[in-house]
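# Structural overview
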Amino acid sequence: IPATPQDAYSMLRAAVSLDDPVMVFESRRLYPTKGPVRRAAGDVVADGRVGVAQVVSPGSDLTLVTWGTGRQIAEDAVAAPPDVSVELIDLRWLSPWDRGAVVESARRTGRLLVVHEASRTAGFGAEVVSTVAEAVGGGLRAVRRVGLLDSPVPASPALAQELLPTVERVVRAVTSLMEV
């Protein structure tokens, strides 16, 4: 699930190069996104390595994991709280996903926040939280998820927007995690 034009290009090239079937999901909300795209030289697609997360920004106080549309929301949110060092990880691939990078970061920071556009209940964020909790155990001080509110999604785009994660909800989650 790419979050940037570069990821859309690199990940699609990586998917095409595989012998196995691959599904690439794109969010229509990201279609207007503009940005530079570095084209691959020959068959080299370094940015699109399957199953490899991207550490967008290193940090030491809290691990924030996201993908797709959640990345821009998370980037805007982590700029807001003062004096909080957030390690922002863009998973990019959900299967396989980079468990090692997420677990190592959460073990180091002791706090985990997952931001995603899917339903909070039974969404993929629950899988991330469960995997990290099993691996880190008592070393995890606090965990939160910010996702689609548990409600049927209305047909109206304006109403649907009210259910999606926002910068304000992510900032509140970061602040509450830092209180633990």
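Structure's up top.
If you're wondering where the values come from, they're calculated on a predicted model, not measured in any experiment.

Definitions and limits used
- Residues numbered from 1 in each chain as written.
- Predicted model: local features only at pLDDT ≥ 70, side-chain atom pairs only at ≥ 80, totals over all residues.
- Heavy atoms only, no water.
- Core = buried A, V, L, I, M, F, W, Y, C linked by side-chain atoms within 4.5 Å.
- Buried < 20%, exposed > 50% of the residue type's maximum accessible area, 1.4 Å probe, protein only.
- Helix = DSSP H or I, 4+ residues; strand = E, 2+ residues; numbered from the N terminus.
- Contact = heavy atoms within 4.5 Å.
- Polar contact = N/O pair within 3.5 Å; in protein donor to acceptor, adjacent residues only side chain to side chain.
- Axes fitted to C-alpha atoms, helices over the stretch in contact; angles between N-to-C directions.
- Parallel < 35°, antiparallel > 145°, perpendicular 65-115°, else oblique.
- Left-handed = near helix turned anticlockwise from the far one by under 90°.
- Nonpolar A, V, L, I, M, F, W, Y, C, P; charged D, E, K, R; others polar.

With that settled, consider the nonpolar core. The biggest cluster of nonpolar side chains holds 18 residues, and the ones touching the most others in it are Leu-62, Leu-64, Leu-113 and Val-170. Elements that contribute at least two residues to this core include exactly β2 (62-66), α2 (70-78), β3 (86-90), β4 (111-119), β5 (142-148) and α6 (167-178). In this view, Leu-64 contacts Ala-74, Val-78, Val-86, Glu-87, Leu-88, Ile-89, Leu-113, Val-115 and Val-170; residues no more than four positions away in its chain are not counted. The next biggest cluster of nonpolar side chains, apart from the first, holds 16 residues, and it includes Trp-67, Trp-97, Val-103 and Val-136.

Following the sequence through the fold, Asp-90 ends up in strand β3. For Asp-90, a relative accessible area of 0% translates into the label buried. For Asp-90, the side chain forms a polar contact with the side chain of Arg-71, separated by 3.1 Å. Sequence-distant contacts of Asp-90, that is, excluding residues within four places in its chain, are made with Ala-3, Asp-7, Ala-53, Gln-54, Val-56, Thr-66, Trp-67, Gly-68 and Arg-71.

What follows covers the packing of helix α3 (residues 99-109) against helix α4 (residues 124-136). Contact geometry for α3 and α4: axes closest at 10 Å, N-to-C directions at 60°. Taken together, α3 and α4 sit at an angle that is classed as oblique. Considering how the two elements wind past one another, α3 and α4 form a crossing that is right-handed. On the side of α3, the interface is formed by Arg-99, Val-102, Val-103, Ala-106 and Arg-107, while α4 contributes Val-128, Thr-131, Val-132, Ala-135 and Val-136. Here the residues of the contact of α3 with α4 sort into seven nonpolar, one polar and two charged.

The interhelical angle for the contact between α2 and α6, taken along N-to-C directions, is 55°, at an axis separation of 9 Å. The pairing of α2 with α6 is recorded here as oblique in orientation. The element α2 and its partner α6 pack so that their crossing is right-handed. Residues Ile-73, Asp-76 and Ala-77 of α2 lie in contact with α6, whose contacting residues are Val-167, Val-170 and Val-171. Of the residues in the contact of α2 with α6, the class split is five nonpolar, no polar and one charged.

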